Structure formats: structure tokens, C-alpha cells
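Residue-level structural notes
As a plain string of letters, each chain reads:
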Amino acid sequence: MIGGTVTQVSIIVISLFIIPILLIAFRLNLFKSFSLGSFTKVFNRAFVIQFILGIFLLFASMFIGRSYNSNNSVSQLDTFYSLFLGSTYTYTVIGLFYYLPSLVLLNIITWLVIKFKSSSLKS
């Protein structure tokens, strides 16, 4: 079950995935000269940032969980705590089970396209 409201968690998680992709896409000028190789490169570089962000979120969740469990009398943390943990959980699940397999498939497709292009040029 996702803690916090589903809308808030969804907005946070989508932002955490989209912002690194857009930053790297603008940095590599993907929108001016589009190719499959540069498209894959954007997602590969964004994955590194997203992986580091995911590890940070997991450790922060562990830290917040320990401090929250030792001080249950603070009710102000309930909303933040459930929103943060829900976002971390959703970010991790989407990253591991949807984003990572899609990225592997994109890399395989890019590799196959490059391999077939080079073999067709040789013959």
C-alpha cells in the first residue's frame, strides 16, 4: 500500500524519473539531432543519476524510519513520513521492475540496429 495520497506520490515519483532525463536530453541536444544512439545515451546517463538517487532515498528512508520509530509521539511527521516512504517504495519498484528492464531492452535493440547496419554496409 502506498503511504500518503496516491496523487502526491505519483507526482513526486514521475518528477524524480523525468527531471534527470530532461536535463541530460537538453545537455546532449537530443531535440536538435535525434538518433537512436543519442536517445539510448540519454537514458543510460539518466539511469546513473536515478540509481544514485534511489540508493539515497533508501538510506534516507531507513534513517527516517529509525528516528520516527524511536519517537512515535510526534504526529507532525506522520504525513511527511508516509509520503516519503510511499514515494521511495514506488520509485524503487518502478525503477527495478519497469524502468530497468525497459532500459536493458532499449540497449539490446540499439546494439542490434548498430550491428545490422554495420553488417549491411560491409556486404
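On a predicted model such as this, the values are computed, not experimentally measured, just so you know. Numbers given to residues run from 1 along each chain, matching the order in which its sequence is written. Given that the model is predicted, a residue must reach a pLDDT of at least 70 before its local features are reported, and side-chain atom pairs must reach 80 or more before they are shown or counted; all residues, however, enter totals for whole chains, interfaces and linings. The basis for every side-chain value is the complete set of heavy atoms in the structure, and neither hydrogens nor water enter the calculation.

Quick word on the overall build of the protein chain
- Runs of H or I in DSSP of at least four residues are treated as helices and runs of E of at least two as strands, each being numbered from the N terminus. When helices and strands are counted, the protein chain shows three helices and zero strands.
- When the helices and strands of the protein chain are placed in sequence order, the string is α-α-α.
- Taking all 123 residues of the protein chain together, the buried fraction comes to 28%.
- In what follows, residue pairs with any heavy atoms lying within 4.5 Å of each other are defined as contacts. Counted over contacts in the protein chain with a minimum sequence separation of 6, partners at least 24 positions apart contribute 71%.
- Carbon and sulfur atoms make up 73% of the accessible area of the protein chain, which amounts to about 8,700 Å² in all. Per-residue accessibility, obtained with a 1.4 Å probe over protein chains only, is compared with the maximum for each type, and a residue is labelled buried under 20%, exposed over 50%, and partly exposed between these values. Each accessible area is a Shrake-Rupley result for a 1.4 Å probe, and residues are judged covered by the shown protein chains and nothing else.

Let's talk about the side chain of Ser 87
- Turning to its location among the elements, Ser 87 is positioned in helix α3 (residues 77-122).
- The exposure class assigned to Ser 87 is buried, which follows from its relative accessible area of 5%.
- Each residue touching Ser 87, except ones within four places of it in the same chain, is listed here: Val 9, Ile 12 and Val 13.

Structural notes on unusual backbone geometry
- The phi dihedral of Asn 29 falls on the positive side, at around 55°, and the residue is not glycine.
- Within the fold, Asn 29 resides in the loop between α1 (6-27) and α2 (36-70).

Regarding the packing of aromatic side chains
- Aromatic rings from Phe, Tyr and Trp, taking only the six-membered ring of Trp, are treated as a pair when their centres fall within 6.5 Å; an angle between ring planes under 30 degrees marks them as stacked, one over 60 as edge-to-face, and anything in between as tilted. Throughout the structure, instances matching the rule amount to nine aromatic pairs.
- Between Phe 39 and Phe 43, the ring centres sit 4.9 Å apart and the planes meet at 65°, which makes this aromatic pair edge-to-face. Here Phe 39 pairs with Phe 43, and both are found in helix α2, just four residues apart, close to one helical turn.
- With relative accessibility at 18%, the residue Phe 43 sits in the buried group.
- Measuring from ring centre to ring centre gives 6.1 Å for Phe 47 and Phe 51, while their planes differ by 40°; the resulting arrangement is tilted. Here Phe 47 and its partner Phe 51 are both found in helix α2, four residues apart, which amounts to about one turn of the helix.
- Pairwise contacts between aromatic rings join Phe 17, Phe 34, Phe 39, Phe 43, Phe 47, Phe 51, Tyr 91 and Tyr 99 into one cluster.

Structural notes on the side chain of Thr 88
- Relative to the elements of secondary structure, Thr 88 occurs in helix α3.
- Accessibility expressed as a relative area gives 3% for Thr 88, which makes it buried.
- Side chain to side chain, Thr 88 and Ser 61 meet in a polar contact 3.1 Å long.
- For Thr 88, the residues in contact, after removing those within four places along its chain, are Leu 57, Leu 58 and Ser 61. Each polar contact in these results corresponds to two N or O atoms within 3.5 Å; when the atoms are within protein, one needs to be able to donate a hydrogen and the other to accept it, and residues that are neighboring in sequence are counted only if both atoms are side-chain atoms.

Quick look at the nonpolar core
- Only buried residues count toward a nonpolar core, which is a set of Ala, Val, Leu, Ile, Met, Phe, Trp, Tyr and Cys residues joined through side-chain atoms within 4.5 Å. One finds Ile 21, Val 42, Phe 43 and Tyr 99 to be the most contacted residues of the largest nonpolar core, which totals 20 residues.
- Looking at this core, the elements with two or more residues in it are α1, α2 and α3.
- If we ignore the near neighbours within four places in the chain, the residues touching Tyr 99 are Phe 17, Ile 21, Phe 43, Ala 46, Phe 47, Gln 50 and Ile 94.

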